[in-house]
Amino acid sequence: MSWIEALILGLVQGLTEFLPVSSSGHLTIAQEVLNLNTTAADNLQFIVTVHAATVLSTIVILWKEIEYLFKGTFCCKAWNEEKSYVLKIIISMIPVGIVGVFFKDEVENIFGQGILLVGCCLLVTALLLTFAYVAKPRPKANISYLDSFIIGLSQAVAVLPGLSRSGTTIATGLLLGNKKESVAQFSFLMVLVPILGETILDVLKSVGEPAAVGVGILPLAVGFVSAFLAGCFACKFMINLVKKGKLIYFAIYCAAVGIISIVSALI
């Protein structure tokens, strides 16, 4: 992988991580277009690196919210709104944690299935976004503990390439009747610890092993920086977009790209 290819893939990851169009699916499509023949280990290493970059961009953009939750959680012994919110985030991480611990190898193998699977999952993403746009449930004041677990289940399913994590979790939250701005913020905050954990595990796993031949330090660095900068822009853009309720345009986009991907894979 050259540094230019890493730059392109980093931009794709950063821009699509927060938009409801599946970053993993678009990375797969971009790799197909660029005709990259990386090994599964090299591919996973790059994906984890650019995901870590987008986590950092989330922390930068949502720093005030994170600082507020952190101070509220550790400021006193009394139970408060901040502690409750953090507990909901922890609950939401349980399903994806189970997938990561017990089905990690199976998930890694799925990422080598090509654009046919990506296309099918993009169509599912399009349907979810359409349902969220059409459905008009009565808005709730706050995300409940049960809602946080259900949203967490949707995040666990969204490990499939082409099934957008942000699109799936936001659509699920909206279908459950939660407010748009609340769902968007919760969706972005709930992914921080799982991806950071995955990054740490990947680093520990690579200790003592030879460096990935197909990636290299420079492409990883370029991919990280480009994904971080693009992620900062996309995160802020997406939060404002969800508030305006314009996710239907992404449903149309996902459907179009999904159909093109399926046709390309079958030709």
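This is a predicted model, so every value here is computed, not measured.

Peer 1: Give me the lowdown on a nonpolar patch on the surface, citing residues and values where you can.
Peer 2: Together, Trp-3, Ile-4, Leu-7, Ile-8, Leu-11, Leu-15, Leu-218, Phe-233 and Phe-237 line one region of the surface with nonpolar side chains, adding up to about 820 Å² of accessible area. Those elements that provide at least two residues to the nonpolar patch are helix 1 (3–18) and helix 12 (217–244). Ranked by residue count, the leading element in the nonpolar patch is helix 1, at six residues. Mapped onto the secondary structure, Phe-233 falls in helix 12. Taking relative accessible area as the criterion, Phe-233 reaches 53% and is therefore assigned exposed.

Peer 1: So what about the packing of helix 1 against helix 12? Which residues, and what values?
Peer 2: Two numbers describe how helix 1 lies on helix 12: the axes approach to 7 Å, and their chain directions differ by 25 degrees. As judged from the angle between their axes, helix 1 and helix 12 are roughly parallel. Here helix 1 runs over helix 12; the crossing is right-handed. Of helix 12, the residues touching helix 1 (which contributes Trp-3, Ala-6, Leu-7, Gly-10, Leu-11, Gln-13, Gly-14, Leu-15 and Phe-18) are Leu-218, Pro-219, Val-222, Gly-223, Ser-226, Ala-227, Ala-230, Gly-231, Phe-233, Ala-234, Cys-235 and Met-238. Considered class by class, the residues forming the contact of helix 1 with helix 12 number 15 nonpolar, six polar and no charged.

About the cut-offs
Residues numbered from 1 in each chain as written. Predicted model: local features only at pLDDT ≥ 70, side-chain atom pairs only at ≥ 80, totals over all residues. Heavy atoms only, no water. Patch = residues over 30% accessible without salt bridge, like charges linked within 9 Å, V, L, I, M, F, W, Y side chains within 5 Å. Areas by Shrake-Rupley, 256 points an atom, 1.4 Å probe, with all protein chains shown as cover. Salt bridge = Lys/Arg side-chain N within 4 Å of Asp/Glu carboxyl O. Helix = DSSP H or I, 4+ residues; strand = E, 2+ residues; numbered from the N terminus. Buried < 20%, exposed > 50% of the residue type's maximum accessible area, 1.4 Å probe, protein only. Axes fitted to C-alpha atoms, helices over the stretch in contact; angles between N-to-C directions. Parallel < 35°, antiparallel > 145°, perpendicular 65-115°, else oblique. Left-handed = near helix turned anticlockwise from the far one by under 90°. Contact = heavy atoms within 4.5 Å. Nonpolar A, V, L, I, M, F, W, Y, C, P; charged D, E, K, R; others polar.

Shape descriptors only; they carry no functional weight alone.
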